[in-house]
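Here is what each chain is made of, one letter per residue.
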Amino acid sequence: MKIVAQVKLVPEAGQAAALRSTLRTVNEAACWVSAVAFERGVPREYELRKHTYAELKARGLGAQAAQHVIKKTRDAYTTLRANIRAGNLGRPGSKRRIKAESKPVAFRTGAAQPYDDRCLSWQYDQRTVSIWTTAGRLKNVRFACSPGALTMLRGHRKGESDLIERDGVFYLIAVCGIPEPEAYEPAGFVGVDLGIVNIATTSTGYRAAGRGLNRHRKRQLDLRKKLQAKGTKSAKRLLKKRSRKEARHTANVNHIVSKKIVTTAERTGRGIALEDLTGIRDRVRHRKDQRTTLHSWSFHQLGQYIAYKAKRAGVPLVYVDPAYTSQQCSQCGHIERKNRVDQATFACRSCGALMHTDDNASHNIGRKSETVWTAGRESRVPATP
């Protein structure tokens, strides 16, 4: 399996200027290549190379850098087409889709630039890298990372690494190929119900309350509104300083919750069952004052964290249909909308079972997972002679 390790570069002033100039140059070149591709109907990568490679070399890009600029441009159009086919940019004729289709793909000044082993080398003992720039090869550029990330880089780094600039700081995003353990045969499943009031509730009794995270989001939203309304230079400076603070805090909470869930499943020899919530934001209708809460819900990120941690630990993971998991009684199986009294209370109209709604849903998810796992298991029946 592939995992990325983020490494912070600590360049000197001259090195930082060269890196910034390089990113600006390659991304301006990528915008030009994108315009050529758009004008010619987005040809294949080989054909696009024939129209752009000589000009990229004339702009001062090395051979490998020019190849990567062409490839990342072509990949951007591939991603755009995939999003259009999936309906992520709206229906045909919508303003958002027309806007995306009517102009070339643009690249930010600090957008990521791929590097391979020909233009980037690592010195792990010295914690430095040697990297190509438009000003020549920079050697002894220091980097900083955690001991765990350094160990992973030493043993498993392979493939390309991306150079990006974020808020004036340079990072290398390195791809590491981690050996994937074989998933064991689970002795049952831990059902996980994802929500907004409670981030995650498991059938083992663990509940990650969302009150603190929701209060943090509301506090950040109110502060952003206040600073945007003020509009002064100092307000804009503070807005920039606080950018992505909410996202970093949310990601940290999701890492903690996902680690707890995966560790519990691994320790008890069970698998993990998640709801397939694809498209839930399109299906669910909320009042205007609730839309911010719904669209701030990071269920997809938490699901991704659980998935890759489970895969790395060899824990089986299945996805189940979320239909009626909050309306069905986990004790007798009776389904009725009135079973859910309110957000937190479940009272079965058939057998009288009384419990927390999220606990009931997590048990239903765990029960459904057994069927999904059995259906997806390889057949043990001997082949017909």
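What this report covers is the structure whose coordinates are included nearby. Keep in mind it's a predicted model, so treat the numbers as computed, not measured. Counting starts from 1 at the beginning of each chain's written sequence and moves along it residue by residue. Reporting in this predicted model follows two pLDDT cut-offs: at least 70 for local features of residues, and 80 or more for side-chain atom pairs to be given and counted; totals over whole chains, interfaces and linings ignore these cut-offs and use all residues. Water and hydrogen atoms play no part in the side-chain values, which are based on all heavy atoms of the structure.

### Here we look at the sheet that holds strand E2 (residues 113-115)
What holds strands together in a sheet is hydrogen bonding between their backbones, with the strands either parallel or antiparallel. Applied cut-off: Between any two strands, at least two bridges found by DSSP are needed for them to pair. A run of H or I in DSSP becomes a helix once it reaches four residues, and a run of E becomes a strand once it reaches two; helices and strands are each numbered from the N terminus. Every angle, taken between N-to-C directions, lies between 0 and 180 degrees, and every axis is a line fitted to C-alpha atoms, over only the stretch in contact when it is a helix. Any two residues whose heavy atoms approach within 4.5 Å at even a single point are treated as in contact.
Strand order in this open sheet of seven strands is E2-E6-E7-E1-E5-E4-E3, and the pairing throughout is antiparallel. With one partner strand each, in any of the chains shown, E2 and strand E3 (120-123) form the two edges of the open sheet. When strand polarity is set aside, the average angle formed by the axes of neighbouring strands in this sheet is 35 degrees. In this structure, strand E6 (residues 157-166) lies alongside strand E7 (residues 169-177), joined through seven bridges in antiparallel fashion. Directly across from Leu163, in E7, lies its bridge partner Leu172. Contacting strand E1 (2-10), E3, strand E5 (136-144), E6 and E7, helix H5 (residues 147-156) runs over the sheet at an angle of about 50 degrees to E7.

### Remarks on a positive patch on the surface
Threshold: Without a salt bridge and with relative accessible area above 30%, a residue can belong to a patch; like charges are then joined within 9 Å and nonpolar side chains (Val, Leu, Ile, Met, Phe, Trp, Tyr) within 5 Å. Accessible surface is estimated by sampling points in the Shrake-Rupley manner with a 1.4 Å probe; for residues, cover comes only from the protein chains shown. We count a salt bridge whenever a side-chain nitrogen from Lys or Arg sits within 4 Å of a carboxyl oxygen from Asp or Glu. Neither His nor the chain ends is counted toward charge; the positive residues are Lys and Arg and the negative residues Asp and Glu. Charge positions come from single atoms, namely NZ of Lys, CZ of Arg, CG of Asp or CD of Glu. Throughout this description, buried means an accessible area under 20% of the type-specific maximum (1.4 Å probe, protein chains only), exposed means over 50%, and partly exposed covers the range between.
On the surface, Arg211, Arg215, Arg219, Lys241, Lys245 and Arg248 cluster together into a positively charged patch. Contributing elements (two or more residues each) for the positive patch: helix H6 (211-230) and helix H8 (245-268). Examining the composition of the positive patch, we find that three residues originate from one element, H6, more than from any other. Inspection of the secondary structure puts Lys241 in helix H7 (residues 233-241). Overall, Lys241 belongs to the exposed group, its relative accessible area being 68%.

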